[in-house]
Structures are given as C-alpha cells and as structure tokens.
Amino acid sequence: MPAELDHLFVCARPGAPEAERLIQLGLSEAPPNQHPGQGTANRRFSFANAMIELLWVSDASEAQSEPARRTLLWERWSVPHTCPFGIAVRPADPENAEPPFPGWQYRPAYLPDPLAIHIADTGVDEPMWFYMSFMRRLDWEQRFIQHPLGVREITGLVLTSPAPLRSAPSLALVESGILSIRQGTAFLLEVAFDSERRGQVVDLRPHLPLLFRL
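Rules and cut-offs
- Residues numbered from 1 in each chain as written.
- Predicted model: local features only at pLDDT ≥ 70, side-chain atom pairs only at ≥ 80, totals over all residues.
- Heavy atoms only, no water.
- Pairing = 2+ DSSP bridges.
- Helix = DSSP H or I, 4+ residues; strand = E, 2+ residues; numbered from the N terminus.
- Axes fitted to C-alpha atoms, helices over the stretch in contact; angles between N-to-C directions.
- Phe/Tyr/Trp six-rings, centres within 6.5 Å; stacked < 30°, edge-to-face > 60°.
- Buried < 20%, exposed > 50% of the residue type's maximum accessible area, 1.4 Å probe, protein only.
- Lys NZ or Arg CZ within 6 Å of the ring centre and 35° of its normal.
- Salt bridge = Lys/Arg side-chain N within 4 Å of Asp/Glu carboxyl O.
- Core = buried A, V, L, I, M, F, W, Y, C linked by side-chain atoms within 4.5 Å.
- Contact = heavy atoms within 4.5 Å.

Enquirer: Explain the sheet that holds strand β4 (residues 51–57) residue by residue, including any values.
Expert: Spatially, β2-β3-β4-β1-β5-β8-β7-β6 is the arrangement adopted by the eight strands of the open sheet, whose pairing is mixed. The open sheet has two edge strands, β2 (30–35) and β6 (104–106), and neither has a second partner. The sheet shows a mean angle of 30° between the axes of neighbouring strands, direction not considered. With seven bridges joining them, strand β3 (residues 40–46) and β4 adopt antiparallel strand pairing. Bridging from a neighbouring strand, Arg-43 pairs with Leu-54 of β4.

Structure, rendered in structure tokens:
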C-alpha cells in the first residue's frame, strides 16, 4: 500500500547531548517527549513533512517489560553493533491506510485507544520498521518551525548496513521510494533535505551515525 516517511529515530546517549551538534548546525529543536510505559524519551527536530528523533532509554525496567519488550528498543539501544535506527511511515493516501508490510499491533500506554503502531517483526540487525496509520503530513506542517539552516523537508534516505537487508518491510520501503539501501562496514543513514539543492554534505559522525545532504 502507498506509504511515505513520517519520522526516523536514531539511538542516542541519555539526555541526547548529541542534539547540541544539530542545534549548532542551525536546526531548531522541537519540544522533547517522554513515552510512559515504554521507558524511552527523546529530543526532536521537526520538518514540514517529517521528524528526526534522538531516542534513548530513560527507564530500563519499563523498556524491558511487556509489551514494550517486544519492540526490541531496549536491545537496540543497549547492545553494541545493533542497528540504531527506526523508520516510521504513514499512509500516503489517508483513504488507503492498510499497512505496507506484515507486523503486529503495539498499543503503548501513551497512545489513546483505539490507536496502535504497526511494527514489523524483524530483528535488531536492521532498522525498526513501523507504520502509523493515524499520522498525516499535515501533522508536521502544522508544527513546523523555521530552521536557521534554512532546510524545510526531508526528501530522501539512504541506509548503509553491514549486512544485506532482504526483509519484507525493507524491500517494501525501497520499492515505495522511501529509502535506498547500500552495504557497507557500519550503519549509516544519509538524510537528504530539499532535494539537496545546495550540494552540501554535513557528516555528523562520530556524534551520530548520520550524514546530511543539504
């Protein structure tokens, strides 16, 4: 089913001090968020069509309790060399909100009934793939704050992974054009803004496994 990028997360240290590098770069930080019952918290940077989330485990016991445990967020955050990313997609057409890949329904305490997050049942050797049928592009347009850097939209993702990704969710999102996949020595996510009109590259390593194409 047609889908488009809603947001992405990358695992960060407690409190996400890595966010300061993004602020120095010229991004405006949005209000942070807590996930009660899931044991995670974040710092966020919103754009007109999507969001970048720096995520960490704020309560280890919550993150390892059911139903949060099945998300594997604890393992993704705490175990070295696992994939530190999550890719969330939403319906491209609000009238056609069927999930684009197989998965299970996660109903965290912080979401009101009957909302649920559809999560692919894959491991931590690839991103956490999840689908949010209730999200819309308008949700981000309404929250958008101008960035001093001047960027507005996320227009492309390229994921580098040490092992080939062949799961149904990864293939579905590649086919949809949401991201491209490469094989390399370490996990890296390249994020393109505004169709790379400036032709500039900002490498955020070693602070974050991210590379911005402006």
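Enquirer: Which residues make up the packing of aromatic side chains, and what are the values?
Expert: For the coordinates displayed, the defined rule picks out five aromatic pairs. An angle of 55° between the planes, with centres 5.1 Å apart, marks the rings of Phe-47 and Phe-193 as tilted. Of the two residues, Phe-47 is situated in the loop between β3 and β4 and Phe-193 in strand β11 (residues 188–193); the sequence distance between them amounts to 146 residues. Exposure remark for Phe-47: the relative accessible area of 0% places this residue in the buried category. A residue is classified by how much of its surface remains accessible, and Phe-193, at 1% relative accessible area, is buried. Consider the rings of Phe-193 and Phe-212, whose centres lie 5.1 Å apart with planes at 85°: the pair is edge-to-face. Of the two residues, Phe-193 is situated in strand β11 and Phe-212 in strand β13 (residues 210–213); the sequence distance between them amounts to 19 residues. Among the aromatic residues, those joined into a cluster by ring pairs are Phe-47, Phe-193 and Phe-212. Looking at Arg-143, its charged tip hangs above the ring of Trp-140, at a distance of 4.6 Å from the centre.

Enquirer: Which residues make up the pattern of salt bridges, and what are the values?
Expert: Counted according to the given criterion, the structure contains twelve salt bridges. Here Asp-6 makes a salt bridge to Arg-90, at a shortest N to O gap of 3.0 Å. Placement of Asp-6 in strand β1 (residues 3–11) and of Arg-90 in strand β5 (residues 85–91) is noted, with a sequence separation of 84 residues between them. For the salt bridge of Arg-205 with Asp-203, the shortest nitrogen-to-oxygen distance reads 2.7 Å. For Asp-203, a relative accessible area of 34% corresponds to the partly exposed category. Here the salt bridges do not stand alone but share partners, grouping Glu-4, Asp-6 and Arg-90 into one network.

Enquirer: How would you sum up the nonpolar core? Please name residues and give values.
Expert: Counting residues in each nonpolar core, the largest one holds 44 residues, and the members touching the most others are Leu-54 and Phe-212. A total of four residues in this core trace back to one element, the largest contributor, which is β1. Setting aside anything within four residues of it in sequence, one finds Leu-54 in contact with Val-10, Ala-12, Ala-16, Glu-18, Ala-19, Leu-22, Ala-41, Asn-42, Arg-43, Phe-45 and Leu-208. Judged by nonpolar contacts, the second largest core, of 17 residues, contains Ala-68, Trp-104, Tyr-106 and Ile-119.

Enquirer: Can you tell me about the environment of Leu-115, naming the residues and giving the values?
Expert: By the secondary structure assignment, Leu-115 is in the loop between β6 and β7 (117–119). Remark: the alpha-carbon pair of Leu-115 and Asn-96, spanning 19 residues in sequence, is separated by 16 Å. Once residues within four sequence positions are removed from consideration, Leu-115 is found in contact with Arg-107 and Phe-134.

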